[in-house]
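Structure at a glance
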Amino acid sequence: MAATNGKYKVHVKIKRYQPAENAEPYWQEFHVEVEGNDRLLDTLNKIKWEQDGTLTYRRSCAHGVCGSDAMRVNGRNRLACKLLMQDLGARISVEPMLGFPVIRDLVVDMDPFFAKYEKVKPYLVNNEPAPRTERLQSPEERERFDETTKCILCGACTGSCPSVWANAEWVGPASIVNAHRFIFDSRDRGGAERLNILSDRTGVWRCRTIFNCTEACPRGIHVTDAIEEVKRAILYNSTDGD
Ligand code: SF4
Ligand code: F3S
Ligand code: FES
């Protein structure tokens, strides 16, 4: 990396696929001038705006909140808007997440992912009459599922899981994280139904405790631990926790 005035050149190798023109995906290399504080998303924007307007990827918030720019960077799933160029080296590979059908370049089809997410009923289930003010919960009860509320549904965990690569039907870690968020909520009454859904052949037991999901999560969620808690809840028929 030869730096001039804080700027230096990097080689970005991107896996391209434009279905109307390409029978197969192929790699294309771009040479880009960047600064260390640029994010990978800035670099992709620079390539798109200055070198090749056909390059296609999703992005929205640019601040690690919307979850739309998960992609495989140097072999690991990451959010492009959270990666500093100075941490990526001078030769960078960028490709779509594995385990998702590719629509175009870095854009993957999220429909199957969201279908599995919906399968676990990721919303509060409680048909009891609503109290006059609110459904109260102690700080300890709220703490029980605090971590899994942080999921932004980016898919980085699911796209890094070998069990998902091997079996597209498997519900995958992101769905289990979002089931966890409600299973352990003291106000919810749908836990037993979710545990039943997750105990079938496409449920939690296909998790082989590989930990790629935890390593990939940009929100720092201990995904594997959450999955283990759901497994224990199924085994002991209890959502008390331990
Ligand atoms: Fe993304 Fe983490 Fe949620 Fe998985 S658990 S979808 S990696 S935020
Ligand atoms: Fe996959 Fe994570 Fe389990 S990588 S096998 S979901 S621990
Ligand atoms: Fe929203 Fe990266 S663009 S999380």
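Summary of the structure given here. (Residues numbered from 1 in each chain as written. Chains lettered and ligands numbered in written order. Predicted model: local features only at pLDDT ≥ 70, side-chain atom pairs only at ≥ 80, totals over all residues. Heavy atoms only, no water.)

**Digging into the site of ligand 1**
Every one of the 13 residues lining ligand 1 counts as a neighbour, but C151, C154, G155, C157 and C217 are closest to it. Comparing atom positions with the cavity grids shows ligand 1 to sit within the largest cavity. Residue composition of the shell around ligand 1, by class: eleven nonpolar, one polar and one charged. (Near = heavy atom within 4 Å. 1 Å grid on protein atoms, 1.4 Å probe; cavity = no way out; pocket = protein on both sides within 12 Å on 5 of 7 lines; lining within 4 Å. Sits in = over half its atoms within 2 Å of the grid points. Nonpolar A, V, L, I, M, F, W, Y, C, P; charged D, E, K, R; others polar.)

**With respect to the packing of helix α5 (residues 173–183) against helix α6 (residues 191–198)**
Viewed as axis vectors pointing N to C, α5 and α6 meet at an angle of 155 degrees, and their least axial separation amounts to 9 Å. The angle between the axes of α5 and α6 places the two elements in the roughly antiparallel class. By crossing handedness, the relation of α5 to α6 is classed as left-handed. Facing α5, whose interface residues are I176, A179, F182 and I183, α6 presents G191, R194, L195 and L198. Within the contact of α5 with α6, the residues separate by chemical class into six nonpolar, one polar and one charged. (Axes fitted to C-alpha atoms, helices over the stretch in contact; angles between N-to-C directions. Helix = DSSP H or I, 4+ residues; strand = E, 2+ residues; numbered from the N terminus. Parallel < 35°, antiparallel > 145°, perpendicular 65-115°, else oblique. Left-handed = near helix turned anticlockwise from the far one by under 90°. Contact = heavy atoms within 4.5 Å.)

**Things to note about helix α8 (residues 223–236)**
With 14 residues, α8 ought to run about 20 Å at 1.5 Å a step, and its terminal C-alpha atoms sit 20 Å apart, in line with that. Within the sequence span of α8, burial applies to V223, T224, A226, I227, E229, V230, K231, A233 and I234. Where α8 is buried, its residues touch α5, α6 and α7 (212–216). Remark: N237 follows α8 within two positions and exhibits a positive phi of approximately 50 degrees. (Expected span 1.5 Å × (residues − 1). Buried < 20%, exposed > 50% of the residue type's maximum accessible area, 1.4 Å probe, protein only.)

**Things to note about the nonpolar core**
Within the largest apolar cluster, 61 residues are counted, with the highest numbers of intra-cluster contacts made by I14, L40, L44, L198 and V230. When neighbours within four sequence positions are excluded, V230 is seen to be in contact with I176, H180, I183, F184, L195, L198 and V204. (Core = buried A, V, L, I, M, F, W, Y, C linked by side-chain atoms within 4.5 Å.)

**Here we look at the layout of surface pockets**
Left-over empty space is what a probe sized like a water molecule reveals as it rolls over the atoms. Empty space within the largest pocket amounts to approximately 230 Å³. Along the wall of the largest pocket there are 13 residues; nearest its centre are I183, F184, D185, S186 and T239. Looking at the lining of the largest pocket, its residues break down into three nonpolar, four polar and six charged. For the second largest pocket, the calculated volume is near 170 Å³. For the second largest pocket, the lining is made up of 16 residues, of which R58, G67, S68, D69 and M110 are closest to its centre. (Points joined across faces, edges and corners; volume = space filled by probe spheres on them.)

**Structural notes on the pairing of strand β4 (residues 76–79)**
Taken together, the four bridges between strand β3 (residues 70–73) and β4 define a ladder with antiparallel strand orientation. If you follow R72 over to β4, its bridge partner there is N77. (Pairing = 2+ DSSP bridges.)

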